[in-house]
Amino acid sequence: QTNAFQEVIFERGDTGDDVYVVSKGEVSVIERTENGENLLAKIQPGDMFGETSLMTEKPRNATARCSSRKGCEFQKLDKAKFLKIVSEIEQANEHLKSRKQGSFQRSEAKQ
């Protein structure tokens, strides 16, 4: 998905059905107040945003908008895709931990 400079990606209070991963540009996460806007975070390429609302199933707690003059590009993942990726990462982590422990135990046995 692509957004132009200053284009809003989602507003505070919106339903949080998706997570976003920035591939190009920068996204500002802001809170609007009666005195203006507070910058809460700057999201860079490779970073993810929007996961809090997706996981808590509560409305968005801030507004996100493209803050790069050349626009923003990002991948949009629905809950099923996001949870699948998280599960695969957890499985890979467990596999690596068990291989590391096995390797450590084998090297101890050689001593």
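The structure contained in this document is the topic of the report that follows. (Residues numbered from 1 in each chain as written. Predicted model: local features only at pLDDT ≥ 70, side-chain atom pairs only at ≥ 80, totals over all residues. Heavy atoms only, no water.)

1. Some details on the overall build of the protein
Scanning the protein from terminus to terminus reveals 2 helices and 8 strands. Along the protein, helices (α) and strands (β) appear in the sequence β-β-β-β-β-β-α-β-β-α when read from the amino end. Relative to the 2.2 N^0.38 estimate, which gives 13 Å for 111 residues, the radius of gyration of the protein is 19 Å and therefore markedly larger than a compact globule would have. Taken over the C-alpha atoms alone, the protein extends approximately 65 × 30 × 25 Å along its principal axes. For the protein, the proportion of contacts with a sequence separation of at least 24, taken over those separated by at least 6, is 74%. Here the protein has roughly 7800 Å² of accessible surface; of this, 48% comes from carbon and sulfur atoms. Across the protein, the centroid of the 18 positively charged side chains sits 7 Å from that of the 18 negatively charged ones. (Helix = DSSP H or I, 4+ residues; strand = E, 2+ residues; numbered from the N terminus. Rg over C-alpha atoms; globule rule 2.2 N^0.38 Å. Contact = heavy atoms within 4.5 Å. Areas by Shrake-Rupley, 256 points an atom, 1.4 Å probe, with all protein chains shown as cover. Lys, Arg positive; Asp, Glu negative; His and termini not counted. Charge placed at Lys NZ, Arg CZ, Asp CG, Glu CD.)

2. Section: the state of the cysteines
All chains considered together, the criterion is met by 1 disulfide. With its sulfur 2.3 Å from that of its partner, cysteine 66 forms a disulfide with cysteine 72. Negative torsions about the S-S bond denote left-handed disulfides, and the value of about 90° found for cysteine 66 with cysteine 72 makes this one right-handed. A relative accessible area of 1% means that cysteine 72 is categorised as buried. (Disulfide = S-S within 2.5 Å. Buried < 20%, exposed > 50% of the residue type's maximum accessible area, 1.4 Å probe, protein only.)

3. Section: the nonpolar core
The biggest cluster of nonpolar side chains holds 13 residues, and the ones touching the most others in it are Ile9, Phe10, Tyr20, Val27, Ile43, Phe49 and Ala64. Those elements that place two or more of their residues in this core are β2 (8-10), β3 (18-24), β4 (27-33), β7 (63-66) and β8 (72-78). When sequence neighbours within four positions are dropped, the list of residues in contact with isoleucine 9 reads Asn3, Tyr20, Val27, Phe49, Ala64, Arg65, Cys66 and Phe74. (Core = buried A, V, L, I, M, F, W, Y, C linked by side-chain atoms within 4.5 Å.)

4. Considerations on the pairing of β7
Where burial is concerned, the two faces of β7 agree: the one with Thr63 and Arg65 and the one with Ala64 and Cys66 are both buried. With 2 bridges joining them, β2 and β7 adopt antiparallel strand pairing. Note on β7: the bridge partner recorded for phenylalanine 10 is alanine 64. As defined by bridge partners, β4 adjoins β7 across 4 bridges and the pair is classed as antiparallel. Looking at β7, one finds that valine 29 is bridged to alanine 64. (Pairing = 2+ DSSP bridges.)

5. Focus on the sheet that holds β2
The 4 strands are arranged β2-β7-β4-β5 in an open sheet whose pairing can be described as antiparallel. One side of each edge strand has no neighbouring strand; the edge strands of this open sheet are β2 and β5 (36-43). Strand-to-strand twist in this sheet, taken as the mean axis angle between neighbours without regard to direction, amounts to 35°. (Axes fitted to C-alpha atoms, helices over the stretch in contact; angles between N-to-C directions.)

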